[in-house]
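# A look at the structure
Here is how the chains run, residue by residue.
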Amino acid sequence: MPKVYNWQLGRDMLYPYEESHPQRQFAFVFNINRCIACQTCTMACKSTWTFSRGQEYMWWNNVETKPYGGYPHFWDAKLLAMLERANPGGQAWNLAPREDAQVPYGVFEGKTIFEAISEEQNPEGETFRETSGRVLGYLPADEEWTAPNIYEDTARRPDRSRWPWGGEGVSLPQHKTWFFYLQRICNHCTYPGCLAACPRQAIYKRPEDGVVLIDQERCRGYRKCVEACPYKKSMYRGTTRTSEKCIACYPRLEGKDPFLTPDGVPIETRCMTACVGKIRMQSLVKIGKDGSWEHDPDNPIYYMVKEEKVALPLYPQFGTEPNAYYIPPRWVPTDYLVQMFGPGVPHAIEAYVCPSRRLLALLQLFRATQKIIFRFSVVEGRKVGESEVTLPGGRKKTLEIFNDTAIGYDANNREIVRLTVEEPIFERSKQYSNSI
Ligand code: SF4
Ligand code: SF4
């Protein structure tokens, strides 16, 4: 099998195809700290793309409650268990300090879904099985796709015998009883498991934006992609006997919606623009020939992922180099988050709880416009506050707050939005006072 470089793992890894990279990559950041699980994103996607016969159980966008929730049920716990069986005790990161900017989280020394395939013994005769001999995965049973909100708002309680944090109730900054919402769409991975497993080569990655699509003409519904996607974001449709998945609202990405973008500039996907909690931001990052992200610190996604390292990939150890990045929730025990987002978690939480001036300004631009922000800038304002924040582990840090102005620019480098850190106050004149 060829070797490809996966920067999230800090090393080469095995993949069924040679490296080939798009010019730009659809990528996005979800700020878990702000999600209220209103499911507006879920319904925006559903009412746009999956409202037809045969798609009843399909939720290309879903928001599940962790640690117990999952759509399909326990998708991540199942795959983590398979990887552990394939490589007992070996799924670990080497955190020895390195100067290499291409190795931001350490080096993953365990096995990815592409590398563990030959090791999985399937000892208990479960539904877990090989996928085309290329990817470790499993096909969920029909009932596992039901009840997408199973365990919603169900908290993990401290258990004195098994839970090292012990005790009851709340203890800031981390809570001892906790849950959080995980927003999920297809990650439009750099090394997609779905694409790797398809025996028909029906799945492809677009060279212009890295969006991963299934060619409905070529697909024969073998469901190898459903087995192989570690995030379970490829889904089978019985009425057409083909598989379907998130298409990143590509007509919007292409600026082809005449009502929203008469000037033809790219706009964000339905799930992003509908977000009530203002937790989502998307962009397109420039990709070099070797697959690395081209240096572009004024691109908001590049800045959060590469410069601030405040947003992290979901389960990077699976090996697909997902292009969804999450600002982890600050109240959840670190060990749990490290398993989910990798060793960058302590740094990311610190960067979010006590943000730099530029990051605090950028956070104001989440969901401020439907147009995709390709570049942002910050105009400095006066200092308006100072407070002491407590970091995980109990360390204290001083946060200075400035009333800076963040400005976003579209694909044509035109200003499309500007917001200040402090919300402006408008006083209604007596003439228009509330008459209710
Ligand atoms: S998340 Fe799954 S369906 Fe989407 S590109 Fe990655 S492997 Fe394919
Ligand atoms: S719309 Fe936004 S806040 Fe509401 S569930 Fe979706 S991601 Fe969370």
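Residues numbered from 1 in each chain as written. Chains lettered and ligands numbered in written order. Predicted model: local features only at pLDDT ≥ 70, side-chain atom pairs only at ≥ 80, totals over all residues. Heavy atoms only, no water.

### Describing the overall build of the protein chain
A count of helices and strands for the protein chain gives ten helices and 21 strands. In terms of its C-alpha atoms, the protein chain occupies a principal-axis envelope of roughly 70 × 60 × 50 Å. Burial analysis of the protein chain (436 residues in total) assigns 56% to the buried set. For the protein chain, contacts bridging at least 24 residues in sequence account for 66% of all contacts bridging at least 6. When the accessible surface of the protein chain is summed, it comes to about 19500 Å², and 50% of that surface belongs to carbon and sulfur atoms. (Helix = DSSP H or I, 4+ residues; strand = E, 2+ residues; numbered from the N terminus. Buried < 20%, exposed > 50% of the residue type's maximum accessible area, 1.4 Å probe, protein only. Contact = heavy atoms within 4.5 Å. Areas by Shrake-Rupley, 256 points an atom, 1.4 Å probe, with all protein chains shown as cover.)

### Points about the site of ligand 1
In the vicinity of ligand 1, the residues found are Cys186, Asn187, His188, Cys189, Pro192, Gly193, Cys194, Val212, Cys229, Tyr231, Lys233 and Lys245. Counted by class, the shell around ligand 1 contains seven nonpolar, three polar and two charged residues. (Near = heavy atom within 4 Å. Nonpolar A, V, L, I, M, F, W, Y, C, P; charged D, E, K, R; others polar.)

### Some words on the domain arrangement of the protein chain
Interface size is often expressed as the accessible area that is lost when the parts come together. Domain assignment breaks the protein chain into domain 1 (3-160 + 173-348) and domain 2 (357-420). Computed over C-alpha atoms only, the centres of domain 1 and domain 2 are separated by 26 Å. Each partner contributes residues to the interface: domain 1 has 32 residues there, and domain 2 has 22 residues. When domain 1 packs against domain 2, the two sides together hide about 2300 Å² of surface, and 65% of this comes from carbon and sulfur. (Domains from an automatic or database assignment. Buried area = accessible area lost by both parts, 1.4 Å probe.)

### Remarks on unusual backbone geometry
The phi angle of most residues is negative, glycine excepted, and most peptide bonds adopt the trans form. A cis geometry characterises the amide bond from lysine 66 onward to proline 67, with omega recorded as 20°. Looking at where proline 67 falls in the secondary structure, it is placed in the loop between strand S4 (62-66) and helix H2 (75-86). Here the bond from tyrosine 71 into proline 72 is cis, since omega is -5°, no more than 30 degrees from zero. For proline 72, the location among the structural elements is in the loop between S4 and H2.

### Re the site of ligand 2
Around ligand 2, the surrounding shell holds 14 residues, and the nearest of these are Cys35, Cys38, Gln39, Cys41 and Cys275. Of the residues assigned to the shell around ligand 2, the class counts are nine nonpolar, four polar and one charged.

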